[in-house]
Amino acid sequence: MQEDNKDTAGAISSYERALNIYPSVEAQLSLANLLAESRNAKALMICRNVSGMGLGRETNADCNFIAGIFFARTGDNKKAFQLFDKAINDNYTLMEAYMEKGFIYYESKNYQQALQIFETAITVNKTYADAYYWKAKCLEALGNKSEALVNYKRSIGLDKQLKEAAEAIKRLE
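Being a predicted model, the structure only gives us computed values, none of them experimental.

S.K.: I tried to follow the overall build of the protein chain on my own but got confused; where do I start?
M.R.: What the protein chain contains, in helices and strands, is 10 helices and zero strands. Seen through its C-alpha atoms, the protein chain measures out along the principal axes to roughly 55 × 30 × 25 Å. Relative to its full complement of 173 residues, the protein chain shows a buried share of 44%. Put simply, 42% of the contacts in the protein chain that link residues at least 6 apart link residues at least 24 apart. On the protein chain, roughly 9,600 Å² of surface is accessible, and the fraction owed to carbon and sulfur atoms is 49%.

And the structure:
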């Protein structure tokens with residue numbers, strides 16, 4: 001509930017208390033993710049510990065993804081890209097890793113590279129609405145408004161909750 005209410009500090013505290021009772025891998029990764037988003041290096045320690053358990057590629061992918069989030073949030077994009085790529089190598093369906101790579105390129109105004117990443121994400125999962133939305137944002141930034149409009153419509157067709165896509169459609173029509 002605290003995460004849903006955007007009470008990050010409260011959620012971190014609750015996870016830490018829960019982990020003292022039962023240190024489940026799921027809870028550890030949830031805590032690590034919150035810490036990574038908060039630029040707290042403790043996330044890296046948790047990821048190293050969980051990876052060291054030898055639970056398999058999917059868990060390793062999650063750990064590398066979370067570590068990548070930490071480095072992306074702290075501005076080390078090179079390290080973030082390396083970790084996102086490792087996560088994708090371990091779990092090529094980890095859509096969030098593609099998206100985070102694309103976000104970094106988009107934020108640095110490298111729209112063509114971001115577009116390629118979002119197109120790769122669509123190739124992996126043709127029903128992932130966010131990838132179409134961000135593809136559309138890249139196309140719009142590159143001046144291709146007609147193709148952007150098509151992709152905004154695809155995204156809203158897959159996820160009616162994408163208010164930003166609906167607003168973009170109104171803006172471009």
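S.K.: How should unusual backbone geometry be read in this particular structure?
M.R.: As a rule of thumb, non-glycine residues mostly have phi less than zero, and peptide bonds are mostly trans rather than cis. The phi angle at Arg39 is positive, at roughly 65°, despite the residue not being glycine. In this fold, Arg39 is placed in the loop between helix H2 (25-37) and helix H3 (42-51).

S.K.: Looking at this structure, how should I read the pattern of salt bridges?
M.R.: Two side chains carrying opposite charge are able to pair once their charged atoms lie near each other. Within the structure shown, the criterion is met by eight salt bridges. Residue Asp90 is joined to Arg57 by a salt bridge in which the shortest nitrogen-to-oxygen separation is 3.8 Å. Of this pair, Asp90 sits in helix H5 (residues 77-90) while Arg57 sits in helix H4 (residues 57-73), placing them 33 residues apart in sequence. You can call Arg57 exposed: its relative accessible area is 51%. Note that Asp85 is salt-bridged to Lys101, the shortest N-O span being 2.5 Å. Here Lys101 lies in helix H6 (residues 95-107) and Asp85 lies in helix H5, a separation of 16 residues in the sequence.

S.K.: Please clarify how the side chain of Glu140 should be interpreted in this entry.
M.R.: Structurally, the position occupied by Glu140 is in helix H8 (residues 129-141). Using a relative accessible area of 16% as the deciding quantity, one classes Glu140 as buried. When neighbours within four sequence positions are excluded, Glu140 is seen to be in contact with Lys145, Ala148, Tyr152, Arg171 and Leu172.

S.K.: Looking at this structure, how should I read the environment of Ala18?
M.R.: Here Ala18 shows up in helix H1 (residues 8-21). Here the alpha-carbon distance between Ala18 and Gln28, two residues 10 residues apart in the chain, equals 9.6 Å.

S.K.: Help me out: how do you make sense of the packing of H6 against H8 in this one?
M.R.: Between two packed helices, what matters for the description is the angle formed by their axes and the separation of those axes. Where H6 contacts H8, the axes come no closer than 11 Å and their chain directions differ by 15°. In terms of orientation, H6 and H8 fall into the roughly parallel class. For H6 against H8, the interelement crossing comes out left-handed. Contacts between H6 and H8 pair Met99, Phe103 and Tyr106 from the former with Asp130, Ala131, Trp134, Lys137 and Cys138 from the latter. Of the residues contributing to the contact of H6 with H8, the split by class is six nonpolar, no polar and two charged.

S.K.: How should I be thinking about the environment of Asp159 in this particular structure?
M.R.: Mapped onto the elements of the fold, Asp159 is located in the loop between helix H9 (145-158) and helix H10 (163-172). With relative accessibility at 25%, the residue Asp159 sits in the partly exposed group. Sequence spacing of Asp159 and Met99 is 60 residues, and the spatial spacing of their C-alpha atoms is 16 Å. From its side chain, Asp159 meets the backbone nitrogen of Gln161 in a polar contact 2.9 Å long.

S.K.: Sorry if this is basic, but what is going on with the packing of H3 against H4 here?
M.R.: At a minimum axis separation of 9 Å, H3 and H4 run at an interaxial angle of 165°. Between H3 and H4, the angle is such that the two are roughly antiparallel. Between H3 and H4 lies a crossing of left-handed hand. Of H4, the residues touching H3 (which contributes Leu44, Cys47, Val50 and Ser51) are Thr59, Asn60, Cys63, Ile66, Ala67, Phe70 and Phe71.

Scoring rules and cut-offs
- Residues numbered from 1 in each chain as written.
- Predicted model: local features only at pLDDT ≥ 70, side-chain atom pairs only at ≥ 80, totals over all residues.
- Heavy atoms only, no water.
- Helix = DSSP H or I, 4+ residues; strand = E, 2+ residues; numbered from the N terminus.
- Buried < 20%, exposed > 50% of the residue type's maximum accessible area, 1.4 Å probe, protein only.
- Contact = heavy atoms within 4.5 Å.
- Areas by Shrake-Rupley, 256 points an atom, 1.4 Å probe, with all protein chains shown as cover.
- Salt bridge = Lys/Arg side-chain N within 4 Å of Asp/Glu carboxyl O.
- Axes fitted to C-alpha atoms, helices over the stretch in contact; angles between N-to-C directions.
- Parallel < 35°, antiparallel > 145°, perpendicular 65-115°, else oblique.
- Left-handed = near helix turned anticlockwise from the far one by under 90°.
- Nonpolar A, V, L, I, M, F, W, Y, C, P; charged D, E, K, R; others polar.
- Polar contact = N/O pair within 3.5 Å; in protein donor to acceptor, adjacent residues only side chain to side chain.

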